[in-house]
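# Fold and geometry: a report
Below, each chain spelled out in residue letters.
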Amino acid sequence: MPTPDTKLLQGTLDMLILKALSLGPLHGYGIGQRIMQMSEAVLRVEEGSLYPALYRIERQGWITAEWGVSENNLRAKFYKLTRAGRKQLQVEEENWERLAGAVFKVMQST
Amino acid sequence: MFWLRLIYSRLYGLLRKNRIEQEMDDEMRFHLLMRTRENIERGMRPDEAEREARRRFGNVGYIKDLGRDIKGGGFIEILLRDGLRQSLRMFKHEKQYAAACIVALSLGISASTALFAVVYKVLILPLPYKDAERLVVVWEKNIKQSQNRVNVAPPTFLDWRAQQRAFTDMAAGEPWLATLTEQGEPQEYWGLSSAAALFSLLGVPPLLGRTFTSSEEVSGKDQVVVISYDFWQSRLGGKNEVIGTHLKLDGATYEIIGVMPRNFQFPPFWITRTAFWRPLVFKPGILSNRTYRRPRVFARLKPDYTLSQAQSEMDVIARNIEQRFPDSNSGWGAEVTSFSSLYAEEFRPTLKILFALSVCLLLMACANVANLLLARGTARQKELAVRAALGASRGRLIGLLLTESLLLSLAGAVVGAVLAFWLVKPIVYIIPRANPIVGLDDLGMNMTALMFSIAAAVITGIVFGMAPAIAGSKINLQEILQENGRSGATGARMKKYRMGLVAAETALVMTLLSISALVIHSYWSLIKTDLGFQTRNILTVRLSLNTMDYAQPYKRYTFYRDLFSRIKSLPGAVSASAVSDLPLSGDWFDMSFRLEGELPDPTRKRIADIRIIDGDYFKTMSIPLREGRVFTPQDNNYMRGPIIVNEALAQQIWPNESALGKRLVVETFPNYPVEIVGVVGNIRDRGVQLPPRPAIYQPYPIISPSQMSLMIRTEQNPLLLARAVREQIWKIDRNLALQDIVPLETVAWKSVAQPRFMFLILVSFASVAVALACHGVYSVVTYVLTERRQEMGIRIALGAQRNDILRTVVKSEFIGVILGVFIGTVGSLATRNLLRSLLYQVEPTYPPAFMMSALLVSTIAILGAYFPVRRVMKVDPLSAIHN
């Protein structure tokens, strides 16, 4: 696949996961898919980073996991945003906007 | 709160290990399945689709590793599972390395654990009495005659007891050697005649029955005994009905009134293995005799008194008595000594030295393992770098390396503890025969000693594993992965650490070697010592004629006449004799004497060993007669008999003339001078290491101790005659106890048991230390060379000579060695006061011992460095540079 890997800024993956989950519970595979869809196939999340990130966020208490049945009737683990997770997402979104705006300004000025 | 949750989740993770593992597996399998389906939908072949899914997913194991780290367990988990698994895998591949570590550690741990078991028993555990630290012995002492720790004359004791306020109570005790008859074979046992107050003083109640009371300390009522647990078990079958039954001791009947508990033993020094305690009754004559210094006085300090307060109070009381009875007590004072300082007194220096040396050995082993870990750390830096590159955190690498060293040291501890089981027994034999230590017979490995070995292992594992682990984990990825070798671990700090290790190891081996050299030298001098008599082919039998049948001296005399003629008629017997103190057994007896016409001078006493002999003693022992004659049977008929002296006495008093015909006044017969009829050679019969002193031999019946040792010269192995001799004795009297029938060679062998075992243990310590040192130096140099392999290759390629290389490599090592030799010398000199008492004919500062050791240490250092360097020299420079 010729898509060049777009490297994610440190910490952005967590935010993207939270964002993806803010639309409803998903399993790990689904999270990867949703981020890809939302970024219009620019961002491809590596499994090697996705799962550790999920476990990390889960331990922070921002998401919880429970076993359920997937759309094609397979047993899958679904992650769901918690109240704390929702708040965290808000904080990170604000931070991100500030950061992105700042980076944008820097890049524009020459 | 956060911490609580963290701990909870980690413990939870640890316990629910399998569930988490399972869930991660399931989750990832689901992911792969979804991807595969998607790929199929895109038109791939199923097998291709799955392969692609896997490829894309990456390393499942690695992701799970990270997951495990995050999900729970964390550090604990790393140690318990990953580290363990990886370490075990590593040991499997690096058998030699693991074995080297484990052997080194187990040697160190076994030696120190075995010695710790003894140290714990002898130096740490309190004696089995109530508040044992407040128990003391009170002695008489005479500073002018430099007589310390003398037993106390009964009237003096009674005065002390009446006047003192420092002690809750005082009790006297006298040894009692009792022959038990009418209970199978007659046998001798040690007992103690003691005051009734003794038992309350010690605060130990009897197991059965009662102890005696002061109302029984009267002649006529005193035939009651309290027996020891061991005697009760071994001779009386441990039956409860023994109370009220009777024992025949020394021909008299004693009622058993009590049994002491199992761990009770009193006294813990002086006479150990006491089987009986009976009331002490002072005979009327003795109660006014202030020079009859036989009973020993035990006391308990009052809670508000210290030892020195009690001492000063006793000083006042003693001065009082001195003034009232100047004739007998002029110059005599009192001395208070604690029980704990008397217990195992002679053994303490040996024990302390051996324990210190065993710890040296343990530390050496640790230094070696640290070296090995360091060397391995270098060798596997790439492996660690790869782990780090894959995301293993520094903590995780440290954890892994620490687990390795912990595992190694625990394995060492297990092997060491097993070895220690075997080592404890021989160590117990080091204890001097003459002064057995109570409670050491059944000494074995105990829980405390095992705890010690485990603690030693854990501490060494962590302390010595930490530095290599930190160094190994401090990884500069770029440098290492760029293949140019020189790594983050080669900082100046590591260099210092390594030099420190070399210095420490050298210091330890230097200490061990120089002390061993001293002890070995001392032992050689000891066994080469000329005793002055022959120990070969002599059978010895201890005999005591202490029953009522032998109350009159002439009966004992007749007994020996009868016995000697019987023995001489035995085939294989050459000559028969008897002596009051068995040579080299640790028993001896001395008395004061003066020249005829000399006035008694209490400040300047002449002291001589007194030996009572009967039969052909000098012939039996091959002691040369220098002048005059030996005793004849006629001498025995004189009332006071003539005497024979040794050369030491003759030369001390009459250096320029013959001693023959001169007359001495011996304390035994203060009013009758006795004539010297012969002079014999000096012998070392008090102990091999004790130089001969002036000695006086007196013929038997004139002074006739009830205890004698039979000495029989035989043609062949003396034990062949043992049975016949026993039969002959029992033909005369079936009730005689025959305790030890042993060849004199055995007695002599046992008398040097302590120096011999010290020698054997130190020889083995020293060999292990040398082996460890060789190994240690070798691995350090190998380590340095591995680390600087490329540099060496370049140097060789540029034409460097072997010597240059050697110099570069070993320079810092040699600074360490020199430093170590110096520290080690100081270290062993620091023990000189402890050591002096253990050495014979050699000073603890004897320079050759130190020079030899320094030489050996340097040789080890040179050889240990030479071989790895030579190996490197043979390496092709090109490959070294490339690799």
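Residues numbered from 1 in each chain as written. Chains lettered and ligands numbered in written order. Predicted model: local features only at pLDDT ≥ 70, side-chain atom pairs only at ≥ 80, totals over all residues. Heavy atoms only, no water.

## Considerations on the overall build of chain A
Condition: To qualify as a helix, a DSSP run of H or I must reach at least 4 residues; to qualify as a strand, a run of E must reach at least 2; elements of each kind are numbered from the N terminus. Exposure categories follow from relative accessible area, calculated using a 1.4 Å probe and restricted to protein chains: below 20% of the type maximum is buried, above 50% is exposed, and the middle band is partly exposed. In this analysis, two residues are considered to be in contact whenever any of their non-hydrogen atoms come within 4.5 Å of each other. Exposure was quantified through the Shrake-Rupley algorithm and a 1.4 Å probe, taking into account, for residues, occlusion by the shown protein chains and nothing else.
The helix and strand inventory of chain A stands at 4 helices and 3 strands. Taken over 110 residues, chain A has a buried fraction of 42%. For chain A, restricting intrachain contacts to residue pairs at least 6 apart in sequence, the fraction spanning at least 24 positions comes to 50%. Carbon and sulfur atoms make up 55% of the accessible area of chain A, which totals about 6800 Å².

## A short note on the overall build of chain B
Scanning chain B from N- to C-terminus turns up 29 helices and 22 strands. In chain B, buried positions account for 53% of the 883 residues. Nonlocal contacts in chain B, meaning residues at least 24 apart in sequence, comprise 80% of its contacts between residues at least 6 apart. A total of about 40200 Å² of accessible surface is found on chain B, and carbon and sulfur atoms cover 58% of it.

## Quick notes on the confidence of the model for chain A
All names here are of chain A. Keep this limit in mind: Each residue carries a pLDDT value, the predictor's own confidence for that position, ranging from 0 to 100.
Overall, the predicted model of chain A reaches an average pLDDT of 83, with 89% of residues at or above 70. When the elements of chain A are averaged for pLDDT, helix 3 (residues 47–60) gives the smallest value, 84, and strand 1 (residues 26–27) the largest, 90. Every residue in residues 1–5 is under pLDDT 50, and counting partners more than four places away or in other chains gives 5 contacts.

## Focus on the sheet that holds strand 2 (residues 63–69) of chain A
All names here are of chain A. The condition that has to hold: Between any two strands, at least two bridges found by DSSP are needed for them to pair. Between N-to-C directions, angles cover 0 to 180 degrees, with each direction set by a line fitted to C-alpha atoms, over the stretch in contact for helices.
Judged by pairing direction, the sheet is antiparallel, and its 3 strands sit side by side in the order 1-3-2 without closing on themselves. Two strands close off the open sheet at either side, each with one partner strand: strand 1 and strand 2. Where strand 2 lies against strand 3 (residues 75–81), 7 bridges are found, and the strand directions are antiparallel. Considered in strand 3, the bridge of Ala65 is made with Tyr79. Lying over the sheet, helix 3 contacts strand 2 and strand 3, oriented at roughly 120 degrees with respect to strand 2.

## Points about the nonpolar core
All names here are of chain B. Our working definition: Here, nonpolar core refers to any group of buried Ala, Val, Leu, Ile, Met, Phe, Trp, Tyr and Cys residues whose side-chain atoms link them within 4.5 Å.
Among the nonpolar cores identified, the biggest contains 110 residues, and Tyr129, Leu202, Phe264, Phe266, Trp277, Phe339 and Phe765 are the most heavily contacted of them. Looking at this core, the element that brings in the most residues is helix 13 (residues 347–379), giving 17 residues. If near-sequence neighbours (up to four positions away) are discounted, Tyr129 is found in contact with Leu135, Leu202, Val204, Phe264, Gln265, Phe266, Pro267, Pro268 and Phe339. Residues Leu545, Leu649, Ala650 and Val725 belong to the second largest nonpolar core, which totals 48 residues.

## Topic: the packing of aromatic side chains
Residue and element names in this part refer to chain B. What counts, and what does not: Stacked, tilted and edge-to-face are the three classes applied to pairs of Phe, Tyr and Trp rings, where Trp contributes its six-membered ring and a pair requires centres within 6.5 Å; stacked means planes under 30 degrees apart, edge-to-face means over 60, and tilted covers the rest.
Counted under the stated rule, the structure contains 30 aromatic pairs over all chains. On the basis of an interplanar angle of 25 degrees and a centroid distance of 6.0 Å, the ring pair of Phe266 and Phe339 is categorised as stacked. With Phe266 in the loop between strand 8 (252–259) and strand 9 (274–279) and Phe339 in helix 12 (residues 339–342), this pair connects stretches of sequence that are 73 residues apart. Look at Phe266 and you get buried, because its relative accessible area is 0%. With centroids separated by 5.2 Å and ring planes inclined at 80 degrees, the aromatic side chains of Tyr560 and Tyr700 adopt a geometry described as edge-to-face. With Tyr560 in helix 19 (residues 553–568) and Tyr700 in the loop between strand 20 (695–699) and strand 21 (707–714), this residue pair connects regions lying 140 residues apart in the sequence. Assessed through its relative accessible area of 0%, Tyr700 is described here as buried.

## Digging into helix 2 (residues 28–38) of chain A
Residue and element names in this part refer to chain A. By the criterion of burial, helix 2 is predominantly enclosed, with 9 of the 11 residues buried. Along helix 2, the residues classified as buried are Gly28, Tyr29, Gly30, Ile31, Gly32, Gln33, Arg34, Ile35 and Met36. Two residues or fewer past helix 2, Glu40 is found with a positive phi of approximately 55 degrees.

## A short note on the packing of helix 19 of chain B against helix 22 (residues 722–732) of chain B
Residue and element names in this part refer to chain B. This is how the line gets drawn: The sense of a crossing depends on the near helix, which, turned anticlockwise from the far helix by less than a right angle, makes the crossing left-handed and, turned clockwise, makes it right-handed. Note on residue classes: Ala, Val, Leu, Ile, Met, Phe, Trp, Tyr, Cys and Pro are nonpolar, Asp, Glu, Lys and Arg are charged, and everything else, Gly too, is polar.
Packing of helix 19 against helix 22 brings their axes to within 10 Å, and their N-to-C directions diverge by 145 degrees. Between helix 19 and helix 22 lies a crossing of right-handed hand. The residues of helix 22 that touch helix 19, namely those facing Phe559, Asp562, Leu563, Arg566 and Ile567, are Val725, Gln728, Ile729, Lys731 and Ile732. By residue class, the composition of the contact of helix 19 with helix 22 is 6 nonpolar, 1 polar and 3 charged.

## A word on the interface of chain B and chain A
Keep this limit in mind: Accessible surface is computed with a 1.4 Å probe, and the buried area is the amount of it that two parts give up when combined, taken over both parts together. For this document, the term salt bridge refers to a Lys or Arg side-chain nitrogen within 4 Å of an Asp or Glu carboxyl oxygen.
With 26 residues of chain B in contact, the opposing surface of chain A contributes 26 residues. Buried area between chain B and chain A, summed over both chains or domains, comes out near 2400 Å², and the portion from carbon and sulfur atoms is 56%. Taken together, chain B and chain A are joined by 4 salt bridges. Residues Lys77(A) and Glu23(B) are paired through a salt bridge, measuring 3.4 Å at the closest nitrogen-oxygen approach. Of all the elements in the fold, those that place two or more residues in the side of chain B that touches chain A are helix 1 (2–15), helix 2 (17–41), helix 3 (46–57) and helix 4 (60–71) of chain B. The element best represented in the side of chain B that touches chain A is helix 2 of chain B, accounting for 12 residues.

## Some thoughts on a positive patch on the surface
All names here are of chain B. Filter applied, for reference: Note on patches: the residues involved have over 30% relative accessible area and no salt bridge, like charges join within 9 Å, and the nonpolar side chains Val, Leu, Ile, Met, Phe, Trp and Tyr join within 5 Å. Only four residue types enter the charge count, namely Lys and Arg as positive and Asp and Glu as negative; His and the chain termini do not. A single reference atom marks each charge: NZ on Lys, CZ on Arg, CG on Asp, CD on Glu.
Judged by side-chain charge, Arg85, Arg89, Lys92 and Lys95 come together as a positively charged surface patch. In terms of residue count, the dominant contributor to the positive patch is helix 5 (residues 74–93) (3 residues). If you trace the backbone, Arg89 turns up in helix 5.

## Here we look at a nonpolar patch on the surface
Residue and element names in this part refer to chain B. Together, Val103, Leu107, Val414, Val415, Val418, Leu419, Phe421 and Trp422 make up an exposed nonpolar region whose accessible area comes to about 760 Å². Only helix 6 (95–124) and helix 15 (394–428) provide two or more residues apiece to the nonpolar patch. Looking at the nonpolar patch, the element that brings in the most residues is helix 15, giving 6 residues. Residue placement: Phe421 occurs in helix 15.

## Some details on the environment of Pro25(A)
Residue and element names in this part refer to chain A. For Pro25, the location among the structural elements is in the loop between helix 1 (12–21) and strand 1. According to the relative accessible area criterion, Pro25 is partly exposed, its value standing at 46%. Those residues in contact with Pro25 that lie beyond four places of it in its chain are Phe78, Tyr79 and Lys80.

## Some points on the packing of helix 1 of chain A against helix 3 of chain A
All names here are of chain A. Using the following cut-off: We call two directions roughly parallel when the angle between them is under 35 degrees, roughly antiparallel when it is over 145, roughly perpendicular when it lies between 65 and 115, and oblique otherwise.
Direction vectors running N to C along helix 1 and helix 3 enclose 75 degrees, while the axes themselves pass 10 Å from each other. Taken together, the axes of helix 1 and helix 3 are roughly perpendicular relative to one another. Counted together, Leu13, Asp14, Ile17 and Leu18 of helix 1 and Ser49, Leu50, Ala53, Leu54, Arg56 and Ile57 of helix 3 form the full contact between these two elements. For the contact of helix 1 with helix 3, the per-class residue count stands at 7 nonpolar, 1 polar and 2 charged.

## Comments concerning the pattern of salt bridges
According to the stated counting rule, one finds 34 salt bridges over all chains in the structure shown. Between Asp14(A) and Arg56(A) there is a salt bridge; the shortest N-O distance is 3.6 Å. Of this pair, Asp14(A) sits in helix 1 while Arg56(A) is found in helix 3, placing the two residues 42 residues apart along the sequence. Taking the relative accessible area as the measure of exposure, Arg56(A) reaches 37% and is therefore partly exposed. Two residues, Lys662(B) and Glu657(B), come together in a salt bridge whose shortest N-O distance is 3.2 Å. Judged by relative accessible area, which is 23%, Lys662(B) ranks as partly exposed. The network of salt bridges with shared partners includes Asp581(B), Asp590(B), Asp609(B), Arg611(B), Asp685(B), Arg686(B) and Arg693(B).

## A short note on the confidence of the model for chain B
Residues and elements named next belong to chain B. Summing up the model confidence of chain B, the mean pLDDT is 81 and the portion of residues at 70 or higher is 87%. In this model, residues 483–489 is a region of pLDDT below 50 whose contacts with residues beyond four sequence positions or in other chains number 17 contacts. Taken over the whole predicted complex, pTM reads 0.69, whereas the ipTM for its chain interfaces reads 0.86.

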